[in-house]
Every structure is written in C-alpha cells, then in structure tokens.
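Fold and contact review
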Amino acid sequence: MSKGSVSKRPTIVDVAAHAGVSTAAASKVLRNAYGVSPEMKAKVQASMKALGYRPLASARGMRGRTHTVAVVVADLHNEFSSLLVEGIRRECERQKYRLLVAPAGSGKAAQDRMVEDLIDRGMDGIVLISPLGTDAELETMAKSIPSVVLGRHGASPEFDSVAADDFGGANLVVDYLVSLGHRQITYINHTTEGTNDARLPEEVRVRGYVDAMIRHGLGDAIDIIQSQWSQEGGEESGRAILSRTTKPTAVFAGCDVAAFGVLTALWEAGIRVPDEVSVAGFDNIFTTSLAPISITTVDQSGLDMGATAGRLLLERISGRTEAVNSVVRPSLVTRKTTAAPAPYPVDVAPRQ
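The shown structure was predicted, so the numbers you read here are calculated from the model rather than taken from an experiment.

A separate point is the packing of aromatic side chains. Overall, the coordinates contain two aromatic pairs when judged by the stated rule. Ring centres of Tyr187 and Tyr209 lie 5.1 Å apart, and the angle between their planes is 20°; this geometry places the pair in the stacked category. Here Tyr209 lies in helix α9 (residues 201–215) and Tyr187 lies in strand β6 (residues 185–190), a separation of 22 residues in the sequence. Here Tyr187 matches Tyr209 in class, with each residue buried.

This is the structure:
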C-alpha cells in the first residue's frame, strides 16, 4: 500500500470473487437464505473471515418493504390454479400490494430455483401452490421469507397453510356414485415424478377414494389408474379404460381437467355419457358448469382459498408469527355427467 492511501473496506463483491462464487450466492450466505448448501456456506464464510468482511449496518436496513409478493405455481394450464391465483390477486389488490405470478415448471429443482430467485429479487412474501419438498425444507425456506403453502396439507409453526378437505371431497363423490347404484368405479390419480408426499392433494384424494370404496364394501372393486391430471392424461386414461374387456360404470377423475380428457376419449369412441358411463371430476372450474358439458364435480371454493392465502400472507408480512392452518370444507355439485348405471352390460368396442 502506498503512503497516504486509504484501506478499502471489502465488499460482498470482493468476498464473492475471493470465494469464486457469484455475488448472488455470497449474498444468500450473508442473509442465511433458503437453498444454500453447507459447502457454499463454508466457502463464503471462510472468505469473509480472510478478508475481514463486515456488512454495513446501514446496508442491512436499506431493503424495507417492496409491497410486492409472488405466487409460485407449477401448472398454469390447470384452470383451478388460475382460480387460486385470482383469489390471491384480489386480496393483494385490496391491500395495495402487487402480485407477481411465477411459473415454477415441473419438478422440485425448478421450484427451488424459482423460490431462490424471488427471495433475491426482494419479494415481501410468497405463496406456494402444492409445493414439493419435505416439511423441513419448506420450513427452512419460510425462515427466509414470509410464506403460505396453498393446497398442501399439514400444519407447521414456520408457515401458514390453506387446503381443502380433499379426503372428504373424494368421499363425497364415491358416496354419491354408490347411491346411484355404481359398484365399478375407476379413479384417475396424478403421479408426481420423484415424490410420494402424503400431504399433496393427489395423495389425500386417492386415500379418500380408497376409504369410501372400502366403507361401502367395495374394496375388491378398487381400481386406480396412475396418470397425470391434464387433458392428455385424462384422454390416455379414457383410452385405457376403453381397451378393457369390461369397463367401469363410473369414472372419478381426481381433477376436472383430467375429467375433460376422459370425456373426450369416451365421446370420440361413441360412448354415451352418462347413459353408459358416468364421469365425475374435482375442483368445479368454470367450464364444468357450461351447459353442453355440465360435469358433476367437487367445489372447494378456489377463489376463497386464494383470498385466504393472500390475507394470511399479508398478515405474516405485517408481523404475525403464530401459524394458521385453514381447511376449506368442499361440497358436491351434481350435474349431467352422472346417472344410475345401465341395467345391462355394454361392450367397450368403439363404434364405427
């Protein structure tokens, strides 16, 4: 150092360069943010010590609120996700907050990257719709930013949660179909690659289906097709049912989008709904109520669920620390795609 020069205080940029990591990564370590590996933390902390780095107190207090929150959603094609987002948006608008919709893509790695980016970009809080990950992982994230988990079941002291009674909703559908006289009821479930988290809606709904079938003495008739809750997944499931020698008298799709796919496959094969096969869904998205379609389904008040999640998040941001776990009671909406089964067997061959 030359005579008269002033020693330059090391910055986070200097620490990042010394550790051989990005400035964003070094900043995450400094903030003890979600998604930092132990190896990264040790490397950055070693560089902080070597350089004598100390964060400025003024810098730590500069951020403040941005009055912007985000909702992380994996499936924007599912109309029910749009209902949830709209409910959150309305509550944010009412309280003068901006909402950023963040598509997370598929898989846990993509979800985690999105959450990290949102934290780095200064969101005041986040809502995660049916997130993947363990309780411990979600709690670690929630320690970095006020959080609400929407759709996934289970309470935590670190974050709020809002979910429908998916188990009870599935019971409602099976109970109704059995009351009509159905005994062969096929259920279409959703498979998430790389996870079998018992708290996700798909896992709770399938347990509700199984429970109701056993309760009605139909344990031997349990029939579950593992597919995807999408139009394509529903169509594939419908075609699989049509390929069987005997088919069920009723199909219960775990979500309305998959129910649309099933209906498409049946209609294209000339199978009459509900004269030959009844079809029910779950979610009560808007298009199920359209007169030419009119699907029997379960209503779980998507707009209300979203609004509740938004309200809880803003309460968290305002300082509430006690966790809230809200469960919405579903109701059955009976429409034109379900009826008593035909009194005689029908073939499954597509009509020419």
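Roughly 1,000 Å³ of internal volume is contained in the largest pocket. Every residue lining the largest pocket is counted, 45 residues in all, and those nearest its centre are Ala74, Asp75, Asn78, Ser130 and His190. Elements represented by at least two residues in the lining of the largest pocket include exactly β1 (68–73), α5 (79–94), β3 (125–129), α9, α10 (231–242) and α11 (256–268). Taken together, the residues that form the lining of the largest pocket break down as 20 nonpolar, 17 polar and eight charged.

In this section: the side chain of Thr68. Position of Thr68 among the secondary structure elements: in strand β1. In terms of polar contacts, Thr68 uses its side chain to reach the side chain of Arg98, at 3.0 Å.

A few words now on the nonpolar core. Counting residues in each nonpolar core, the largest one holds 62 residues, and the members touching the most others are Val127, Leu150, Val174, Ile185, Phe252, Leu266 and Met305. Among the elements that take part in this core, α11 stands out by supplying seven residues, more than any other. Leave out the neighbours within four places in its chain, and Leu150 touches Leu84, Ile88, Val127, Leu128, Ile129, Ser130, Pro131, Val162, Met305, Gly306 and Ala309. By size, the runner-up hydrophobic cluster in this structure holds 16 residues, among which are Val115, Leu138, Met141 and Ala142.

Here we take up the environment of Glu79. Among the structural elements, Glu79 can be located in helix α5. Among the residues examined, Glu79 registers a relative accessible area of 25% and is labelled partly exposed. C-alpha separation for the pair Glu79 and Asp256, spaced 177 residues apart in sequence, amounts to 8.8 Å. Ignoring sequence-local partners within four residues, the contact set of Glu79 consists of Val257, Ile285, Phe286 and Thr287.

What follows deals with the pattern of salt bridges. With the rule as written, the count across this model stands at 20 salt bridges. A salt bridge links Lys108 to Asp112; its shortest N-O distance comes to 2.6 Å. With Lys108 and Asp112 both in helix α6 (residues 108–120) and four residues apart, this pair spans about one turn of that helix. Among the residues examined, Asp112 registers a relative accessible area of 15% and is labelled buried.

Burial of β3 is extensive: five of the five residues sit out of reach of the surface. Neither face of β3 is exposed, since Gly125, Val127 and Ile129 on one face and Ile126 and Leu128 on the opposite face are all buried. Two strands pair when backbone bridges link them, and β1 and β3 are joined in this way by four bridges, in the parallel orientation. Bridge assignment links Val71 to a residue of β3, and that residue is Val127.

With that settled, consider the sheet that holds strand β7 (residues 223–227). The strand order β7-β6-β8-β9 describes an open sheet built from four strands, whose pairing is parallel. With partners counted over all chains shown, the strands left at the sheet margins are β7 and β9 (278–280), one partner each. When the angles between neighbouring strand axes are averaged without regard to direction, this sheet yields 20°. Relative to strand β8 (residues 250–253), β6 runs parallel, the two sharing four bridges. Bridge pairing links Thr186 to Val251 in β8. Where α11 meets the sheet, its contacts fall on β6, β8 and β9, and the angle it forms with β9 comes to roughly 160°.

Parameters and conventions
Residues numbered from 1 in each chain as written. Predicted model: local features only at pLDDT ≥ 70, side-chain atom pairs only at ≥ 80, totals over all residues. Heavy atoms only, no water. Phe/Tyr/Trp six-rings, centres within 6.5 Å; stacked < 30°, edge-to-face > 60°. Helix = DSSP H or I, 4+ residues; strand = E, 2+ residues; numbered from the N terminus. Buried < 20%, exposed > 50% of the residue type's maximum accessible area, 1.4 Å probe, protein only. 1 Å grid on protein atoms, 1.4 Å probe; cavity = no way out; pocket = protein on both sides within 12 Å on 5 of 7 lines; lining within 4 Å. Points joined across faces, edges and corners; volume = space filled by probe spheres on them. Nonpolar A, V, L, I, M, F, W, Y, C, P; charged D, E, K, R; others polar. Polar contact = N/O pair within 3.5 Å; in protein donor to acceptor, adjacent residues only side chain to side chain. Core = buried A, V, L, I, M, F, W, Y, C linked by side-chain atoms within 4.5 Å. Contact = heavy atoms within 4.5 Å. Salt bridge = Lys/Arg side-chain N within 4 Å of Asp/Glu carboxyl O. Pairing = 2+ DSSP bridges. Axes fitted to C-alpha atoms, helices over the stretch in contact; angles between N-to-C directions.

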